[in-house]
Amino acid sequence: MPAEFALLLVRHAIAEDRGAAWPDDAERPLSREGVRKWKRSARGLARLAPSADLLLSSPLTRAFQTAEILGKAMSPSPRVQLFPALRPDTRPGATVTALRALAPTGTVVLVGHEPMLAELAALLLHLQGPLEFRKGAAMRLTSQGLGTRGPARLDWFVTPRILRDLAGTP
């Protein structure tokens, strides 16, 4: 029987607006406000989940930047690894298949996008429909075998404001 492990789902922080400045959406970075708010949120998230065995990010710039900031808030700081199965156009079943191939243990952090993260959570929790992930929100699931042993368990689901409050004073 596979060991139980924690899966943290994190939506990227506030990014620059879509438009002519970023013709390639994959290159769109976090906004200045997004970086500022996420640094504080990441400190709060690191209080809930102080370390990670694996930190995986969508290859899109805004998700990678979010993952880097989170990694720096954790101790020890995990190295961010690009994980193409977290691209926004990936079906949740394909993401689960790619994760199973990694044989995850401990705490695994996935930094990605909507609606894919919400659909992934719904799949793992055996929900009828997806939950809404605000930018910078985080969810912790506990699982054995990524759905092969029944639904994952929802441990917590927090908004960016709660994460910033957990961080304390700026």
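Residues numbered from 1 in each chain as written. Predicted model: local features only at pLDDT ≥ 70, side-chain atom pairs only at ≥ 80, totals over all residues. Heavy atoms only, no water.

All right, on to helix α1 (residues 32–48) then. The terminal C-alpha atoms of α1 lie 25 Å apart, and with 17 residues this matches the ideal 24 Å at 1.5 Å per residue to within 8%. For α1, the set of buried residues is G34, W38, S41, A42, G44, L45 and A46. On its buried face, α1 sits against β1 (5–11), α2 (61–73), β5 (138–143), β6 (153–158) and α5 (160–167). (Helix = DSSP H or I, 4+ residues; strand = E, 2+ residues; numbered from the N terminus. Expected span 1.5 Å × (residues − 1). Buried < 20%, exposed > 50% of the residue type's maximum accessible area, 1.4 Å probe, protein only. Contact = heavy atoms within 4.5 Å.)

Structurally, V80 can be placed in strand β3 (residues 80–82). Considering only alpha carbons, one finds V80 and L141, 61 residues apart in sequence, at a separation of 20 Å.

Mapped onto the elements of the fold, S58 is located in the loop between β2 (54–57) and α2. Residue classification places S58 among the buried residues on the basis of a relative accessible area of 0%. Within the local environment of S58, its side chain forms a polar contact with the side chain of H113, the two groups lying 2.7 Å apart. In this structure S58 touches A63, F64, L82, F83, L86, R87, P88, V111, G112 and H113, once residues within four positions along its chain are discounted. (Polar contact = N/O pair within 3.5 Å; in protein donor to acceptor, adjacent residues only side chain to side chain.)

A few words on the packing of α1 against α5. At their nearest, the axes of α1 and α5 sit 7 Å apart, and the two run at 75° to each other. With respect to α5, the axis of α1 lies roughly perpendicular. Side by side, α1 and α5 meet where K37, W38, R40, S41, R43, G44, L45, R47 and L48 of the first sit next to P160, L163, R164, L166 and A167 of the second. Partitioning the contact of α1 with α5 into residue classes produces seven nonpolar, two polar and five charged. (Axes fitted to C-alpha atoms, helices over the stretch in contact; angles between N-to-C directions. Parallel < 35°, antiparallel > 145°, perpendicular 65-115°, else oblique. Nonpolar A, V, L, I, M, F, W, Y, C, P; charged D, E, K, R; others polar.)

Let us look at the pairing of strand β4 (residues 107–112). Within β4, six of the six residues are buried, leaving the element largely enclosed by the surrounding structure. Burial along β4 is two-sided: the face carrying T107, V109 and V111 and the face carrying V108, L110 and G112 are both buried. Looking at chain direction, β1 and β4 are connected through six bridges and run parallel. Paired with A6 across the strands is T107, a residue of β4. (Pairing = 2+ DSSP bridges.)

This part is about the layout of surface pockets. For the largest pocket, the calculated volume is near 210 Å³. Breaking the lining of the largest pocket down by element, the ones donating at least two residues are α1 and α5. The leading source of residues in the lining of the largest pocket is α1, at four residues. A breakdown of the residues in the lining of the largest pocket according to their chemical character gives four nonpolar, four polar and five charged. (1 Å grid on protein atoms, 1.4 Å probe; cavity = no way out; pocket = protein on both sides within 12 Å on 5 of 7 lines; lining within 4 Å. Points joined across faces, edges and corners; volume = space filled by probe spheres on them.)

Here the protein averages 92 in pLDDT, and 95% of its residues register 70 or above. Per-element confidence in the protein ranges from a low mean pLDDT of 92 for helix α3 (residues 92–102) to a high of 98 for α2. (pLDDT = per-residue confidence, 0-100.)

Let's shift gears to the pattern of salt bridges. Following the criterion strictly, the structure yields nine salt bridges and no others. Across the pair D25 and R28 runs a salt bridge, and its minimum N-O distance is 2.7 Å. Look at D25 and you get partly exposed, because its relative accessible area is 23%. The class of R28 is buried, set by a relative accessible area of 5%. Between R140 and D155 there is a salt bridge, with its nearest N and O atoms 2.5 Å apart. One end of the pair, R140, is in strand β5; the other, D155, is in strand β6, and 15 residues separate them in sequence. Taking relative accessible area as the criterion, R140 reaches 26% and is therefore assigned partly exposed. (Salt bridge = Lys/Arg side-chain N within 4 Å of Asp/Glu carboxyl O.)

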